[in-house]
Every structure is written in C-alpha cells, then in structure tokens.
Amino acid sequence: MIRRSGGIRDCSPDAEQHRLLLELRDGRTLDEGALKAYLRQLAHLCSLRLVSEPFVTALEPSGLAGWIHADEGGAQLQTWGDPLRLATLSLVSSGPLDAEQVLRFSALSFAAREAVASDPLSPGEHWKTTAERAQLRELCEWAIGEARSGKDLARATTLVVGAGLAEELAGELLARIAEGVRALHASTDPKLALTHGEGLGEALLLLRHAGVEIAEDLRPGRAEPATGVEK
C-alpha cells in the first residue's frame with residue numbers, strides 16, 4: 001500500500017548526508033567537454049573527492065546527461081534543448097552544501113535566465129536567482145574577487161567563460177592569475193605546485209580556449225620567478 005504522507009521522510013536519519021536539487025531554465029547549451037568541466041568544478045566547489053572522471057552521454061533528441069561519483073556523494077545532471085530549455089541537477093554530499101554558491105556557479109556556467117535550488121528534506125526552503133547580463137557580470141566579478149587559490153581562480157574562470165564574458169573580464173582574471181604565478185615562484189613549499197599551480201594552469205587553458213591572448217610570461221612553463229616578493 002502506497003500512501004501520501006504529506007512530506008518527504010529522511011529514510012536514513014543517522015547518515016550524515018546533505019541533498020540539493022537544482023533547476024536551470026533558458027540558458028546556453030554546453031557540449032560534452034564543457035559539461036565535464038562544469039561537473040569537475042562542481043565537485044571542487046562542494047569538496048567532493050571524485051573516484052573517477054565525470055561521465056557524459058547523449059540524450060535523444062537533444063540533450064545530455066552527466067554523472068560524478070565521489071567517496072562522499074555525487075551528482076546527476078540532465079539537460080534538454082539547444083539552446084538550453086531546462087537542466088536539472090541532483091546533488092548529494094556527506095558534508096554541508098552551500099546552496100547559494102552552487103546556485104550562482106551553475107547559473108553562470110549555463111548563463112541561465114532563471115535558477116532555483118531546494119533542499120528535498122526541507123520543502124519550504126529554496127533559493128532562486130534570475131540572471132540578466134548585468135547580473136552575470138556582477139556575479140562573475142564577485143567570483144574573481146573571492147578567489148583565494150588556484151582552484152578558486154579556475155572555478156571563477158569557468159564561470160566567466162560560461163557567461164560569455166571572457167573578453168570583457170580577461171584583464172581582471174589575468175591580473176589575479178599573475179599574482180598567483182608570482183606567489184607560486186616565491187614560495188618554498190613544493191606542495192604548492194600541486195595545490196595552487198594546477199588550478200592556475202587550468203584557468204589559463206580555459207582562457208586560451210575562449211580565445212583570450214595570454215602573455216608569454218603567463219604561459220605554463222614560461223613564467224620566470226618573481227623578484228622582490230615576500231615569502
């Protein structure tokens with residue numbers, strides 16, 4: 001017998017799990033490579049340690065589906081339409097989820113006109129944003145300003161490219177990346193190349209793929225150690 005209970009019951013109340021449902025409407029279509037990049041950056045944003053690379057497959061007649069699997073949870077994404085009519089994301093994590101960050105990041109990545117996030121265990125609680133171009137720029141600038149690491153800058157670059165603002169905001173991004181490169185060369189910590197340098201390299205590659213010209217001294221492997229920078 002199946003009965004309507006009036007609410008969603010947590011079937012595993014002792015498990016430390018957090019859930020988030022997201023819907024995006026009226027945005028830009030991402031190809032397979034861009035969708036994998038989005039899922040990879042989403043995992044970084046939510047501190048999910050992936051056990052494999054993101055998986056993406058085509059849906060008929062026009063759409064894509066993607067998954068990420070992690071030790072602490074995962075996510076499933078489906079998109080429909082070209083240009084994008086609707087995208088849905090189901091996200092699970094053992095750690096807390098910042099719904100507003102996930103909403104901003106996803107809305108910018110898909111340049112969605114409308115995005116809504118909700119917690120399935122708290123039906124009355126939801127987050128919503130409507131994104132016009134001026135708001136997209138403001139949110140992108142916020143992401144650049146909040147970046148504190150190479151991975152943060154890679155996430156910010158993904159947002160900027162996804163919003164179609166790579167040319168407009170290239171100066172701000174490259175200035176922050178240049179700061180990161182100088183800090184990297186001034187550091188004596190060998191682990192920084194992995195934790196910081198990888199993100200800087202990914203940010204530069206994203207910009208190059210978006211058609212932004214990169215100065216010689218910022219290209220991976222071409223930067224000279226900075227002088228006069230405090231360690």
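Everything discussed here concerns the structure shown above.
**Q** Now, about the overall build of the protein chain: what can you tell me, with residues and values included?
**A** Of regular secondary structure, the protein chain possesses 6 helices and 7 strands. Looking at the protein chain as a whole, 41% of its 231 residues qualify as buried. Accessible surface computed for the protein chain: about 12900 Å², of which carbon and sulfur atoms make up 50%.

**Q** Which residues make up the environment of leucine 174, and what values do they have?
**A** With respect to the secondary-structure elements, leucine 174 resides in helix α5 (residues 166–186). Put simply, leucine 174 and leucine 153 are 21 residues apart on the chain and 9.8 Å apart in space, counted from C-alpha to C-alpha.

**Q** Give me the lowdown on the pairing of strand β4 (residues 73–80), citing residues and values where you can.
**A** When a strand is regular, its side chains alternate between the sheet's two faces. Pairing geometry for strand β3 (residues 63–70) and β4, over 8 bridges, is antiparallel. In the sheet register, tryptophan 67 faces β4, and the bridge partner there is glutamine 76. Taking the residues that link successive antiparallel strands as the turn, the β3-β4 hairpin has 2 residues. As paired elements, β4 and strand β5 (residues 84–93) share 8 bridges and run antiparallel to each other.

**Q** Give me the nonpolar core: which residues, what numbers.
**A** Ranked by size, the top nonpolar core spans 59 residues in total, and within it Tyr38, Leu42, Leu91 and Phe110 carry the most contacts. The leading source of residues in this core is α5, at 7 residues.

**Q** Before we move on, could you go through the pairing of strand β2 (residues 55–59) and cite the residues and values that matter?
**A** In the sheet, β2 pairs with β3 via 5 bridges, with the strands oriented antiparallel. Among the inter-strand pairings, threonine 57 is bridged to a residue of β3, identified as alanine 65. Count of turn residues in the β2/β3 antiparallel hairpin: 3 residues.

**Q** I'd love a proper account of the layout of surface pockets, names of residues and values included.
**A** Each pocket or cavity is described by its volume, and for the largest pocket that value is around 340 Å³. Lining the largest pocket we find 16 residues, and of these Ala34, Ala37, Thr158, Val161 and Leu206 sit closest to its centre. Within the residue set of the lining of the largest pocket, elements represented by two or more residues are α1 (32–45), α4 (150–162) and α6 (192–209). Ranked by the residues each element gives to the lining of the largest pocket, the list is headed by α1, at 5 residues.

**Q** With reference to specific residues and values, describe the packing of aromatic side chains.
**A** Evaluated as defined, the whole model comprises 3 aromatic pairs. Ring geometry for tyrosine 38 versus phenylalanine 105: centroids 5.3 Å apart, planes at 10°, classification stacked. With tyrosine 38 in helix α1 and phenylalanine 105 in helix α2 (residues 99–109), this residue pair connects regions lying 67 residues apart in the sequence. With respect to class, tyrosine 38 is no different from phenylalanine 105; both count as buried. On the basis of an interplanar angle of 75° and a centroid distance of 5.1 Å, the ring pair of tyrosine 38 and phenylalanine 110 is categorised as edge-to-face. One end of the pair, tyrosine 38, is in helix α1; the other, phenylalanine 110, is in the loop between α2 and β6 (114–119), with 72 residues separating them in the sequence. Of the two residues, tyrosine 38 and phenylalanine 110, neither departs from the other in class, the shared state being buried. Joined through ring pairs, the aromatic side chains of Tyr38, Phe105 and Phe110 make up one cluster.

Here is what the cut-offs are and how they apply
Starting afresh in each chain, residues are numbered from 1 along the sequence in its written order. Totals for whole chains, interfaces and linings use all residues, but because this is a predicted model, local features are given only for residues with pLDDT of at least 70 and pairs of side-chain atoms are given and counted only at 80 or more. Side-chain measures were taken over the full set of non-hydrogen atoms in the model, leaving aside hydrogen atoms and water. Secondary structure elements are taken from DSSP: a helix is a run of H or I of four residues or more, a strand is a run of E of two residues or more, and numbering for both begins at the N terminus. Buried, partly exposed and exposed residues are distinguished by accessible area as a fraction of the type maximum, computed with a 1.4 Å probe on protein chains only: under 20%, between the cut-offs, and over 50%, respectively. With residues, only the protein chains shown are counted as cover, and all accessible areas are computed by Shrake-Rupley using a 1.4 Å probe. By definition, two strands form a pair when at least two bridges between them are found by DSSP. The definition of a nonpolar core used throughout is a set of buried Ala, Val, Leu, Ile, Met, Phe, Trp, Tyr and Cys residues joined through side-chain atoms within 4.5 Å. A pocket here means an open set of points on a 1 Å grid, computed over the protein atoms alone, that has protein on both sides within 12 Å along at least five of seven lines. A cavity is instead a set of points where a 1.4 Å probe fits but cannot get out; residues with an atom within 4 Å of a point line either one. Grid points are joined across faces, edges and corners, and a volume is the space filled by probe spheres set on the points. Stacked, tilted and edge-to-face are the three classes applied to pairs of Phe, Tyr and Trp rings, where Trp contributes its six-membered ring and a pair requires centres within 6.5 Å; stacked means planes under 30 degrees apart, edge-to-face means over 60, and tilted covers the rest.

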